[in-house]
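Working through the structure, step by step
This is what each chain is made of:
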Amino acid sequence: MERAFWKTPYLTTLDAPVLSIEGRDIMISPTIFFAESGGQESDQGTINRIEVSQATVEGDQIVYRLAADPDFTVGDLVNVQIDWPRRYALMRLHFAAEIVLELFYKKFPELEKIGAHIGQGKARIDFALAGNVSQHFPDILLQVEQLVAADLPIESRFTDTEKLRRCWRIEGFSQVPCGGTHLRSTREVGRIRLKRNNIGAHKERVEIYLLD
Ligand SMILES: [Zn+2]
């Protein structure tokens, strides 16, 4: 199965052949429809105008569960459409979280991340940390703004083609392993807001929101 969402993360529609059908579970290749992994939520959208109710990574495959019985058979070309406003919000929040996390690591190399999630409305990163994480927000936000204003190209590529391992890289900033879908430039992150949430003893949550 070819994951076209890596090579062409800005593609919103694609005709692709059906590889298999089992009830309402189908596989296609290539696919532009991302399935939840690495904390980034699945896309939403349709396959031949039938809503996809669930997208699941199974080994090196992705299985799409349809909300209705398929009206096509194996080998047919089906039209896949993803909800682009949702995906683009996910990509922007995802990369905002990547940058915020990297800036925290650069500032505190010993810092331990204990969770992360990217949804359509917000992203969050959880740290094992004593003290109030929000005291660092002004400094982190200033650096985020500088990275965004610098409009730096984001390179995404394989580090291991066999094991489907990917990374993103910004020249002079960082290289980080990640299998999500990434923006082309830091400029696209836009303006963000950070919000602190204490989620337990020595557990600090950083929530990230898009402002435009
Ligand atoms: Zn990523």
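Just above sits the structure.
Below or above, wherever it landed, is the structure these notes cover. (Residues numbered from 1 in each chain as written. Predicted model: local features only at pLDDT ≥ 70, side-chain atom pairs only at ≥ 80, totals over all residues.)

A word on the nonpolar core
- If you look at the biggest cluster of nonpolar residues, it comprises 26 residues, and the most contacted ones within it are Ala96, Ala97, Val100 and Ile208.
- Sorting the residues of this core by element identifies helix H2 (84-107), strand S8 (123-128), helix H3 (137-149) and strand S13 (203-210) as the ones contributing at least two each.
- Examining the composition of this core, we find that 10 residues originate from one element, H2, more than from any other.
- Each residue touching valine 100, except ones within four places of it in the same chain, is listed here: Ile125, Ile140, Val144, Val206 and Ile208. (Core = buried A, V, L, I, M, F, W, Y, C linked by C-beta atoms within 7 Å. Buried ≥ 20, exposed ≤ 12 C-beta atoms within 10 Å, placed from the backbone. Helix = DSSP H or I, 4+ residues; strand = E, 2+ residues; numbered from the N terminus. Contact = placed C-beta atoms within 7 Å.)

Description of the sheet that holds strand S10 (residues 165-170)
- Strand order in the open sheet formed by three strands is S9-S10-S11, and the pairing between neighbours is antiparallel. Each edge of the open sheet carries a strand with a single partner, namely strand S9 (155-160) and strand S11 (174-177). Shown here is a sheet whose adjacent strand axes are inclined to one another by a mean of 30°, direction ignored.
- Pairing between S10 and S11: four bridges, direction antiparallel. Its bridge partner lying in S11, cysteine 167 is registered against proline 177. (Pairing = 2+ DSSP bridges. Axes fitted to C-alpha atoms, helices over the stretch in contact; angles between N-to-C directions.)

Examining H3
- In this model H3 runs 18 Å from its N-terminal to its C-terminal C-alpha over 13 residues, within 8% of the 18 Å that 1.5 Å per residue would give.
- For H3, the set of buried residues is Ile140, Val144 and Val148. Within H3, the buried residues cover an arc of 75° as seen down the axis, which keeps them to one side. Along H3, the residues that are exposed and aim more than 90 degrees away from the buried face are Pro138, Asp139, Leu142, Gln146 and Ala149.
- Positive phi appears at aspartate 151, one or two residues downstream of H3, with a value of about 50°. (Expected span 1.5 Å × (residues − 1). Arc of directions from axis to C-beta.)

What about the environment of leucine 101?
- Along the chain, leucine 101 turns up in helix H2.
- When the 21 C-beta atoms within 10 Å are taken as the criterion, leucine 101 is described as buried.
- In this structure the C-alpha to C-alpha distance between leucine 101 and glutamate 145, which are 44 residues apart in sequence, comes to 14 Å.
- Beyond its immediate sequence surroundings of up to four residues, leucine 101 is in contact with Lys113 and Ile125.

So, the sheet that holds S8
- If you trace the four strands from one edge of the open sheet to the other, you get S7-S8-S13-S12, paired in antiparallel fashion. The sheet terminates laterally at strand S7 (112-118) and strand S12 (192-200), the two strands that pair on one side only. On average, each strand axis in the sheet is tilted by 20° relative to the strand beside it, whichever way the strands run.
- For S12 and S13, the ladder comprises eight bridges, and the chain directions are antiparallel. Bridge pairing links isoleucine 192 to leucine 210 in S13.
- H2 contacts S7, S8, S12 and S13 of the sheet and is inclined by roughly 135° relative to S13.

Coordinates in, geometry out; function isn't part of it.
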